[in-house]
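Chain residues, written in single-letter form:
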Amino acid sequence: MPGSYNAYDASRGAPSQEGAPALRRSLRDDDRGSVAIEFAFVGAVFLVILFGIVSYGFQFATRIALSYAVTEGGRAAVGGLDSAQRQLYATNAINNTLNAYSPLIDPSQASPTFVEGTSANGDTLKIGIDYTDTRFTLLPFISAPDETMRVETIFVVTDPSG
């Protein structure tokens, strides 16, 4: 057909010379695929934010689990009559709690500490856990927790009989 641009010459399998300007115009004006390009830019940023939230969530959950283990150790230690029994009760409670959180926390990386003292209100027991684990540092731009996480609480043990 005279005057029409045939951008593709089917007989030769290549764009024809007279249709080259029309092909360039059609490719320039074609916006199919622009959504995929935009999604690649936005999707990459979205995934980085998502994995950052997950990585930070694991670190935060680890800190909460360690805090809960210290609290359970203190609750159990209050039932002990002497120092050795308090430490035994606290150790068992901490180990049981850490084992319950074992997919999140590696109990072999935790080391409980016990310091006994006295105050005006009664005997004190400072229970702490030192924990070292870097399994959940997934992304290089998310700051890793300190080399050793330290969680501790001081419990006061009083004699209710006065």
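Please refer to the structure higher up on the page.
Scoring rules and cut-offs
- Residues numbered from 1 in each chain as written.
- Predicted model: local features only at pLDDT ≥ 70, side-chain atom pairs only at ≥ 80, totals over all residues.
- Heavy atoms only, no water.
- Core = buried A, V, L, I, M, F, W, Y, C linked by side-chain atoms within 4.5 Å.
- Buried < 20%, exposed > 50% of the residue type's maximum accessible area, 1.4 Å probe, protein only.
- Helix = DSSP H or I, 4+ residues; strand = E, 2+ residues; numbered from the N terminus.
- Contact = heavy atoms within 4.5 Å.
- Pairing = 2+ DSSP bridges.
- Patch = residues over 30% accessible without salt bridge, like charges linked within 9 Å, V, L, I, M, F, W, Y side chains within 5 Å.
- Areas by Shrake-Rupley, 256 points an atom, 1.4 Å probe, with all protein chains shown as cover.
- Salt bridge = Lys/Arg side-chain N within 4 Å of Asp/Glu carboxyl O.
- Phe/Tyr/Trp six-rings, centres within 6.5 Å; stacked < 30°, edge-to-face > 60°.
- Axes fitted to C-alpha atoms, helices over the stretch in contact; angles between N-to-C directions.
- Left-handed = near helix turned anticlockwise from the far one by under 90°.
- Nonpolar A, V, L, I, M, F, W, Y, C, P; charged D, E, K, R; others polar.

S.K.: Break down the nonpolar core for me, with residues and values.
M.R.: Ranked by internal contacts, the top residues of the largest apolar core, which has 19 residues, are L66, I94, L98, I105, I127, I129 and Y131. Put simply, the parts of the chain that give this core at least two residues each are α2 (34-77), α3 (83-100), β1 (110-119), β2 (122-131) and β3 (149-157). Looking at this core, the element that brings in the most residues is α2, giving five residues. Setting aside residues no more than four positions away along its own chain, I129 makes contact with L66, A69, V70, I94, A110, S111, P112, M149, R150 and V151.

S.K.: Describe in detail the pairing of β1, supporting the description with residues and values.
M.R.: Of the strand pairs in this sheet, β1 and β2 are connected by ten bridges, and their pairing is antiparallel. By the bridge assignment for β2, T113 is matched with G128. Counted along the chain from β1 to the antiparallel partner β2, the turn is two residues long.

S.K.: Go over a nonpolar patch on the surface with me, naming the residues and quoting the values.
M.R.: Residues F46, L47, L50, F51, V54 and F58 make up a contiguous nonpolar surface patch of about 520 Å² in total accessible area. Mapped onto the fold, F46 is located in helix α2. Take F46: its relative accessible area is 51%, and that puts it in the exposed class.

S.K.: Can you lay out the packing of aromatic side chains for me, pointing to particular residues and giving the numbers?
M.R.: Tallying each qualifying case throughout the model produces two aromatic pairs. Between the aromatic rings of Y56 and F60, the centroid separation amounts to 6.3 Å while the plane-to-plane angle is 15°, which identifies the pairing as stacked. Linking Y56 with F60, this pair stays in helix α2, spanning four residues, or about one helical turn. You can call Y56 exposed: its relative accessible area is 51%. With a centroid separation of 6.3 Å and 80° between ring planes, the pair formed by Y68 and Y101 is classed as edge-to-face. Note that Y68 is positioned in helix α2 and Y101 in the loop between α3 and β1, a separation of 33 residues in sequence. A relative accessible area of 30% places Y101 in the partly exposed class.

S.K.: Describe the sheet that holds β1, and please don't skip the residues or the numbers.
M.R.: In spatial order, the strands read β1-β2-β3; together these three strands make up an open sheet with antiparallel pairing. Edge strands, defined here as strands with exactly one partner in the open sheet, are β1 and β3. Each neighbouring strand pair of the sheet contributes to a mean axis angle of 15°, computed without reference to strand direction. Against the sheet, α3 engages β1, β2 and β3, with an angle of about 145° to β1.

S.K.: I'd like a rundown of the packing of α2 against α3, residues and numbers included.
M.R.: One way to put it is that α2 packs onto α3 with a least axis distance of 7 Å and a crossing angle of 150°. Relative to α3, the crossing made by α2 is right-handed. Along the contact surface, α2 presents L66, Y68, A69, E72, G73, A76 and A77, while α3 presents R86, Y89, A90, A93, I94, T97 and L98. Looking at the contact of α2 with α3, its residues break down into ten nonpolar, two polar and two charged.

S.K.: Got a sec to walk through the pattern of salt bridges? Specific residues and values, please.
M.R.: Under the counting rule described, the total for this entry stands at six salt bridges. Note that E116 is salt-bridged to R86, the shortest N-O span being 3.9 Å. Of this pair, E116 sits in strand β1 while R86 is found in helix α3, placing the two residues 30 residues apart along the sequence. The salt bridge involving K126 is made with E152; its shortest N-O contact spans 4.0 Å. Of this pair, K126 sits in strand β2 while E152 sits in strand β3, and the two are 26 residues apart along the sequence. The partly exposed category is assigned to K126, whose relative accessible area is 29%. One network of salt bridges, with partners in common, ties together K126, D130, R150 and E152.

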